[in-house]
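# Geometric and topological summary
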Amino acid sequence: MSELHGRISLAEKPPGIEGAGFFATSLEKVVGLARKNSIWPLPFATSCCGIEFMATMGAHYDLARFGSERLSFSPRQADLLMVMGTIAKKMGPILRQVYEQMAEPRWVMSVGACACSGGIFDTYSVLQGIDRIIPVDVYVPGCPPRPEQILDGILKIQHLVETESLRRRDSPEYKALLNKYGIE
Amino acid sequence: MESAEQSETLTLLTERFGDSILSTDVHYGILSLSVKQAAIVDIIHFLYDHPQLRYQYLTTLCGIHYPELSQIAVMYQLHSLENNKRIRLKIWLPEDKPETPTITNLFAGANWMERETYDFFGVVFTGHPDLRRILNVEDMTIFPMRKEYPLEDQTREDKKDEMFGRLPHQHLRTS
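Read on for a plain summary of the structure.

Quick notes on the rules
Residues numbered from 1 in each chain as written. Chains lettered and ligands numbered in written order. Predicted model: local features only at pLDDT ≥ 70, side-chain atom pairs only at ≥ 80, totals over all residues. Heavy atoms only, no water. Helix = DSSP H or I, 4+ residues; strand = E, 2+ residues; numbered from the N terminus. Buried < 20%, exposed > 50% of the residue type's maximum accessible area, 1.4 Å probe, protein only. Contact = heavy atoms within 4.5 Å. Areas by Shrake-Rupley, 256 points an atom, 1.4 Å probe, with all protein chains shown as cover. Lys, Arg positive; Asp, Glu negative; His and termini not counted. Charge placed at Lys NZ, Arg CZ, Asp CG, Glu CD. Buried area = accessible area lost by both parts, 1.4 Å probe. Salt bridge = Lys/Arg side-chain N within 4 Å of Asp/Glu carboxyl O. Polar contact = N/O pair within 3.5 Å; in protein donor to acceptor, adjacent residues only side chain to side chain. Nonpolar A, V, L, I, M, F, W, Y, C, P; charged D, E, K, R; others polar. Pairing = 2+ DSSP bridges. Axes fitted to C-alpha atoms, helices over the stretch in contact; angles between N-to-C directions. Phe/Tyr/Trp six-rings, centres within 6.5 Å; stacked < 30°, edge-to-face > 60°. Lys NZ or Arg CZ within 6 Å of the ring centre and 35° of its normal.

## Digging into the overall build of chain A
- Tallying secondary structure elements over chain A gives seven helices and six strands in all.
- Its helices and strands in sequence order give chain A the pattern α-β-β-α-β-α-β-α-β-α-β-α-α, from N to C terminus.
- Taking the principal axes of its C-alpha atoms as reference, chain A extends roughly 65 × 40 × 25 Å.
- Buried positions account for 41% of the 184 residues belonging to chain A.
- If you take every contact in chain A between residues at least 6 apart in sequence, the share linking residues at least 24 apart comes to 74%.
- Summing over all exposed atoms, chain A offers an accessible surface of approximately 10100 Å²; the carbon and sulfur share of this is 59%.

Put into structure tokens, the structure is as follows:
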């Protein structure tokens, strides 16, 4: 047991009241803690940023350290949509459908210049940023971004997941945000 | 200058289609002919059926826009696999009504190439079994490879022309 303690790190417990045999805190904080450390990402990789993501998932950078060991290749079980690469206008409706198939709560990370803004592809056939069709939580710049930057984006997502109010997804503000994108 | 074999091909074509050949040239060793639009299907059939020439493989087919001539050209490149010889044919269509018969009856592979040419240049291939856009989004209203349409996405706000050392709308036709 003592040997293990040096090698694994435990998630920090949220603030609460502790006593002999009990620990009291708010449900929101516990749920946030659990969600934060068990994000299932759906990689939507269309080009070179996807290659950087492969490195991020590899042993050297190892996204699994942050609780995202299990990638979800079905949007229905995914928590986080990671869009990595150029999205052509023809791909737009497909990306949107993938987003709509995800269950709440869901987060979106836009990786790389192309997904964020169209990047160098300022042309009639390329979507000039995925935030034109779906809401985005975290933008990772770079062309392509290094795995460290993608990890940094994941940490930012983790922070959002941890601190999000349990009622946020039912709020009129959130509904208005989705309506802005024409999503019911 | 054309080789002896190309001269022979040219003689055969001139005998049959002398009035329809506008000009001939050799580009990168490939015999290249500008021909009248009305004769293109007959010429391609002739090249296909001729017992010696046997141009039975369609390498490619594409559109080219010449805004200074107000014309859209369609280029066909054929390959004779038996003789390992290539030939290039070019027809000229008016910009405002580019129309020419399909060659899908002869080459099934021309189907997608003609759809692509329609998609990007608006060339209508009459008799084509399924002439609709192939690469661009279905609801696109323009033919993007025509020069009057700018390359850039017009809704992008973060790119200003002066950042790239160009005048606004420099890429648009001035006429």
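## Remarks on the overall build of chain B
- For chain B, the count of helices and strands is three helices and seven strands.
- When the helices and strands of chain B are placed in sequence order, the string is α-β-β-α-β-β-β-β-α-β.
- Once the C-alpha set of chain B is aligned to its principal axes, its extents read approximately 60 × 35 × 25 Å.
- Residues counted as buried form 45% of the 175 residues belonging to chain B.
- A distance of 2 Å separates the average location of the 18 positive side-chain charges in chain B from that of its 26 negative side-chain charges.

## A closer look at the interface of chain B and chain A
- Taken together, the contact pairs 15 residues of chain B with 13 residues of chain A.
- For the pairing of chain B and chain A, the buried interface totals around 1200 Å² over both sides, and the portion due to carbon and sulfur atoms is 46%.
- Applying the counting criterion to the chain B and chain A interface returns one salt bridge.
- For Asp153(B), the salt bridge is made with Lys89(A), and the minimal N-O distance between the two is 2.6 Å.
- The tally of links between chain B and chain A comes to five residue pairs in polar contact (both at pLDDT 80 or more).
- Of the residues that constitute the side of chain B that touches chain A, the class distribution is eight nonpolar, two polar and five charged.

## Some remarks on the sheet that holds strand β1 (residues 21-27) of chain B
Residues and elements named next belong to chain B.
- Reading across from one edge, β1-β2-β5-β4-β3 is the order of the five strands in this open sheet, with mixed pairing throughout. For this open sheet the edge positions go to β1 and β3 (57-66), each flanked by a neighbour on one side alone. Put simply, the sheet's adjacent strands are angled 20° from each other on average, direction ignored.
- Across nine bridges, the pairing between β3 and strand β4 (residues 71-80) is antiparallel. Across the sheet, residue isoleucine 64 finds its bridge partner in β4, namely alanine 73.
- On the sheet, helix α3 (residues 110-121) packs against β3 and β4 and is oriented at approximately 10° with respect to β3.

## Details of the packing of aromatic side chains
- Applying the stated criterion to the full structure yields four aromatic pairs over all chains.
- Aromatic side chains Phe17(B) and Phe46(B) sit 5.6 Å apart centroid to centroid with 75° between the ring planes, which places their arrangement in the edge-to-face category. Of the two residues, Phe17(B) sits in helix α1 (residues 4-17) while Phe46(B) sits in helix α2 (residues 40-49), which places them 29 residues apart along the sequence. Like Phe46(B), Phe17(B) is buried.
- Here Tyr48(B) and Phe107(B) contribute two aromatic rings whose centre-to-centre distance is 5.6 Å and whose plane-to-plane angle is 75°, an arrangement assigned as edge-to-face. Placement of the pair is Tyr48(B) in helix α2 and Phe107(B) in the loop between β6 (99-101) and α3, with a sequence separation of 59 residues.
- For Arg70(A), the ring lying beneath its charged end belongs to Trp40(A), and the centroid distance is 4.3 Å.
- Positioned above the aromatic ring of Tyr99(A), the side-chain terminus of Arg106(A) is 4.1 Å from the ring centre.

## Let's talk about the side chain of Thr9(B)
All names here are of chain B.
- Within the secondary structure, threonine 9 sits in helix α1.
- On the accessibility criterion, threonine 9 (6% relative accessible area) is buried.
- Within the structure, threonine 9 has its side chain in polar contact with the backbone oxygen of glutamate 5 (distance 3.0 Å).
- Aside from chain neighbours lying at most four places away, what touches threonine 9 is Leu31, Leu53, Tyr55 and Ile87.

## Details of the environment of Thr60(B)
Residue and element names in this part refer to chain B.
- Relative to the assigned elements, threonine 60 resides in strand β3.
- By relative accessible area, threonine 60 is classed as partly exposed at 28%.
- Threonine 60 sits 83 residues away from phenylalanine 143 along the chain, and the two C-alpha atoms are 20 Å apart.
- In this structure threonine 60 touches Met75, Tyr76, Gln77 and Met113, once residues within four positions along its chain are discounted.

## Remarks on unusual backbone geometry
- Cis rather than trans, the peptide bond between Glu104(A) and Pro105(A) has omega equal to -5°.
- In this fold, Pro105(A) is placed in the loop between α4 (92-101) and β5 (107-111).
- Residues Cys143(A) and Pro144(A) are joined by a peptide bond in cis, for which omega reads -10°.
- Assignment of secondary structure puts Pro144(A) in the loop between β6 (138-140) and α6 (147-163).
- Located in the positive-phi region is Asp62(A), a residue other than glycine, with phi close to 55°.
- Mapped onto the elements, Asp62(A) comes out in the loop between α3 (48-57) and β4 (80-84).
- Taking the relative accessible area as the measure of exposure, Asp62(A) reaches 24% and is therefore partly exposed.
- For Ser70(B), which is not a glycine, the phi torsion comes out positive at approximately 55°.
- Position of Ser70(B) among the secondary structure elements: in the loop between β3 and β4.

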